[in-house]
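# Descriptive structure summary
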Amino acid sequence: MTLILRASPSCRVLTDVTRCTIRRSGVCGLAKNAEASRMKETCVSFSSSSRYSAKISQVLHLDNAGIGIRRGRRSIVAASPPTEDAVVVTEPLTKEDLVGYLASGCKPKEKWRIGTEHEKFGFEFGTLHPMKYEQIAELLNSIAERFDWEKVMEGDYIIGLKQGKQSISLEPGGQFELSGAPLETLHQTCAEVNSHLYQVKAVAEEMGIGFLGIGFQPKWGLKDIPVMPKGRYEIMRNYMPKVGSLGLDMMFRTCTVQVNLDFSSEADMIRKFRAGLALQPVFTDYFYWNSHIWTDTDNNRAGMLPFVFDDSFGFEQYVDYALDVPMYFVYRKKKYIDCAGMSFRDFLAGKLPCLPGELPTLNDWENHLTTIFPEVRLKRYLEMRGADGGPWRRLCALPAFWVGLLYDEDSLQNVLDMTADWTTGERQMLRNKVPKTGLKTPFRDGLLRHVAQDVLKLSKDGLERRGFKETGFLNEVAEVVRTGVTPAEKLLDMYHGKWRESVDPVFEELLY
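These numbers come from a predicted model, not from an experiment.

### Concerning the overall build of the protein chain
If you tally the helices and strands in the protein chain, you get 18 helices and 20 strands. By sequence separation, contacts in the protein chain at least 24 residues apart represent 74% of the contacts at least 6 residues apart. Accessible area of the protein chain: about 20300 Å², with a carbon and sulfur share of 50%.

In structure tokens form, the structure reads like this:
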């Protein structure tokens, strides 16, 4: 189908990009005076006959949820393998095309969905050693055969599975990741997580394999962890030590849980992006094992993105940022070409050193966006990326927290009002200090715990107004906020106490 972005009623649909500026108060949250707190709402519209629509329709077929992507008749699982270069470029891409790609994610509220992703460490029960790739391959093949998943291959290696709009993929050190389908309610999301864990455990336990729900691997060093046979990871492994001291630890020793959420317009995206960035440290408090790792992984592609709070921010400004994030690779003919450190701007001009004279496709742009790692990431939806992985009972808490805040207009506006005068320095201070001091981090006239209490109430109120009886999924977060003690602090207490400074008991404590 040809892609058509639905225009706001206040925008006329023209054959070229049309921008109409509306002022809306109470959104920007950057200055105290009324004029500075007003924000542009930009509506980007395309007709079915526009050059952009014709171009993007060559490579994209969108499902109703706007998160899954189909190319031709074959379903592609994001990142495993990467998006194929499906068409020959007949005319160069422009920055307008890249902006339009992001804008194509806009959708009406009734089509907003919840997509949850989580990772976990597999280990041998008898030795507590990490799974070898051969064991992972056996596990994937067995899950595919027993539960009717389709295998995803890279050359002769099985590297993932897909079933409908769900996928299972492998992170660099064999971390097992479920990328869930876009779903309507948190009950559906939690049921999906439980079904996945049941399937994985049913096969893994027969193999003497268990899975650990924790954000950072405390026992295994880099030398202990096998490298998965995925070409992109080899490129990243070689590049990471050049740009940060903790990049390899991020790749091989961390697990995360994240939620992907929709937006209705550029203005809605901006509001959710700002709320998400401002509050990432609050939810980092809840887990906060691997957040320190991101402080020196690759600061060109990670962090708190202060420009999101500029008055001029929108899709175009994010494209400018992404164009300047160094590339990792280009995927051609089922092979990865090492372009680490090179510029996508040069690629647009046909001047990429690793592929001289060749021009990018929108698929290349889509792949490039997956190699950017800020606390909140923009694709054709927003990814809340700040939380560590955890045991099964906490996996539903992350989407619940963010859905209550960002999918309810009143709660979202209250968050924006609450954080309106937070400075860039304060947001960065929270990101830096929270991994060490958690909810006890001093903030203004109190502690971050007091902020967490207010935010938790807003999230609960938002869920109640949704009408799906979803507030129970916040119970785990509520307990942390009530006591002021994070899961990480509880583990440290056990480590220094009854575990007698051994990390081995964590494999039983946090076993799925």
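### Focus on the state of the cysteines
Scanning all chains against the criterion turns up 2 disulfides. A sulfur-sulfur separation of 2.0 Å characterises the disulfide bridge that pairs Cys 190 with Cys 396. An S-S torsion of about 95° defines the bridge between Cys 190 and Cys 396 as right-handed. A residue pair is termed long-range when its members are at least 10 positions apart, and Cys 190 in helix α4 (residues 186–204) and Cys 396 in the loop between α11 (392–395) and α12 (397–406) qualify at 206 residues. On the accessibility criterion, Cys 190 (10% relative accessible area) is buried. On the basis of relative accessible area, Cys 396 is assigned to the buried category, the value being 4%. The partner cysteine of Cys 339 in its disulfide is Cys 354, sulfur to sulfur 2.0 Å. Taking the sign of the torsion about the S-S bond as the criterion, the disulfide between Cys 339 and Cys 354, at about 85°, is right-handed. Pair noted here: Cys 339 is in the loop between β15 (335–338) and α9 (344–348) and Cys 354 is in the loop between α9 and α10 (362–369), with a separation of 15 residues, a long-range link.

### Looking at empty space enclosed by the protein
In total, this model carries 9 cavities of 30 Å³ or more according to the counting rule given. Size it by volume and the second largest cavity reaches roughly 120 Å³. Considering the residues around the second largest cavity, the lining is formed by 13 residues, among which Ser 291, Trp 294, Glu 375, Gly 386 and Arg 431 are closest to the centre. Looking at the lining of the second largest cavity, the elements that each hand over two or more residues are α7 (266–286), β16 (373–374) and β18 (382–388). The leading source of residues in the lining of the second largest cavity is α7, at 3 residues. A per-class count over the lining of the second largest cavity returns 5 nonpolar, 5 polar and 3 charged.

### Looking at the side chain of Glu 119
As for its position among the elements, Glu 119 is in strand β6 (residues 114–124). Aside from chain neighbours lying at most four places away, what touches Glu 119 is Glu 171, Gln 175, Phe 176, Glu 177, Thr 254, Cys 255, Thr 256 and Tyr 512.

### What to know about unusual backbone geometry
With a phi close to 55°, Arg 444 is a non-glycine residue in the positive phi region. With respect to the helices and strands, Arg 444 occurs in the loop between β19 (442–443) and β20 (446–447). Here Arg 500, not a glycine, exhibits a phi torsion of approximately 55°, which is positive. Within the fold, Arg 500 resides in the loop between α17 (487–496) and α18 (506–509).

### A short note on the nonpolar core
The nonpolar side chains of a soluble globular protein tend to be buried with one another. One finds Phe 176, Phe 273, Tyr 318 and Trp 402 to be the most contacted residues of the largest nonpolar core, which totals 140 residues. The element that contributes the greatest number of residues to this core is α7, accounting for 9 residues. Not counting residues within four places of it along the chain, the set of residues in contact with Phe 273 comprises Leu 305, Val 308, Phe 313, Tyr 318, Val 376, Leu 378 and Leu 382.

### Quick word on helix α15 (residues 448–466)
The end-to-end C-alpha distance of α15, which contains 19 residues, comes to 27 Å, matching closely the 27 Å that a straight helix rising 1.5 Å per residue would cover. Taken together, the buried positions of α15 are occupied by Leu 448, Val 451, Ala 452, Val 455, Leu 456, Leu 458, Ser 459, Asp 461, Gly 462 and Leu 463. Looking one or two places after α15, you find Gly 467, whose phi comes out positive at around 85°.

### Some details on the packing of aromatic side chains
In this structure the tally under the stated criterion is 23 aromatic pairs. Look at Phe 263 and Phe 315: their rings are 5.9 Å apart centre to centre, the planes differ by 50°, and that puts the pair in the tilted class. Of the two residues, Phe 263 sits in the loop between β12 (256–261) and α7 while Phe 315 sits in helix α8 (residues 315–324), which places them 52 residues apart along the sequence. Here Phe 263 falls in the buried class, since its relative accessible area comes to 0%. Residue classification places Phe 315 among the buried residues on the basis of a relative accessible area of 1%. By the ring-pair criterion, three or more aromatic residues cluster together here, those being Phe 121, Phe 123, Phe 125, Trp 220 and Phe 507. Looking at Lys 272, its charged tip hangs above the ring of Trp 112, at a distance of 3.4 Å from the centre.

### Section: the side chain of Gln 258
Its place among the elements puts Gln 258 in strand β12. If we skip the residues at most four places from it in the chain, Gln 258 touches Gly 115, Thr 116, Glu 117, Glu 383, Met 384, Arg 385 and Leu 398.

### Here we look at the pairing of strand β10 (residues 176–179)
Both faces of β10 are covered, namely the face carrying Phe 176 and Leu 178 and the face carrying Glu 177 and Ser 179. The sheet contact formed by β6 and β10 spans 4 bridges and is antiparallel. Residue pairing across strands places Glu 119 opposite Glu 177, the latter belonging to β10. Relative to β10, strand β9 (residues 166–170) runs antiparallel, the two sharing 4 bridges. Directly across from Ile 168, in β10, lies its bridge partner Leu 178.

Criteria and cut-off values
Residues numbered from 1 in each chain as written. Predicted model: local features only at pLDDT ≥ 70, side-chain atom pairs only at ≥ 80, totals over all residues. Heavy atoms only, no water. Helix = DSSP H or I, 4+ residues; strand = E, 2+ residues; numbered from the N terminus. Contact = heavy atoms within 4.5 Å. Areas by Shrake-Rupley, 256 points an atom, 1.4 Å probe, with all protein chains shown as cover. Disulfide = S-S within 2.5 Å. Buried < 20%, exposed > 50% of the residue type's maximum accessible area, 1.4 Å probe, protein only. 1 Å grid on protein atoms, 1.4 Å probe; cavity = no way out; pocket = protein on both sides within 12 Å on 5 of 7 lines; lining within 4 Å. Points joined across faces, edges and corners; volume = space filled by probe spheres on them. Nonpolar A, V, L, I, M, F, W, Y, C, P; charged D, E, K, R; others polar. Core = buried A, V, L, I, M, F, W, Y, C linked by side-chain atoms within 4.5 Å. Expected span 1.5 Å × (residues − 1). Phe/Tyr/Trp six-rings, centres within 6.5 Å; stacked < 30°, edge-to-face > 60°. Lys NZ or Arg CZ within 6 Å of the ring centre and 35° of its normal. Pairing = 2+ DSSP bridges.

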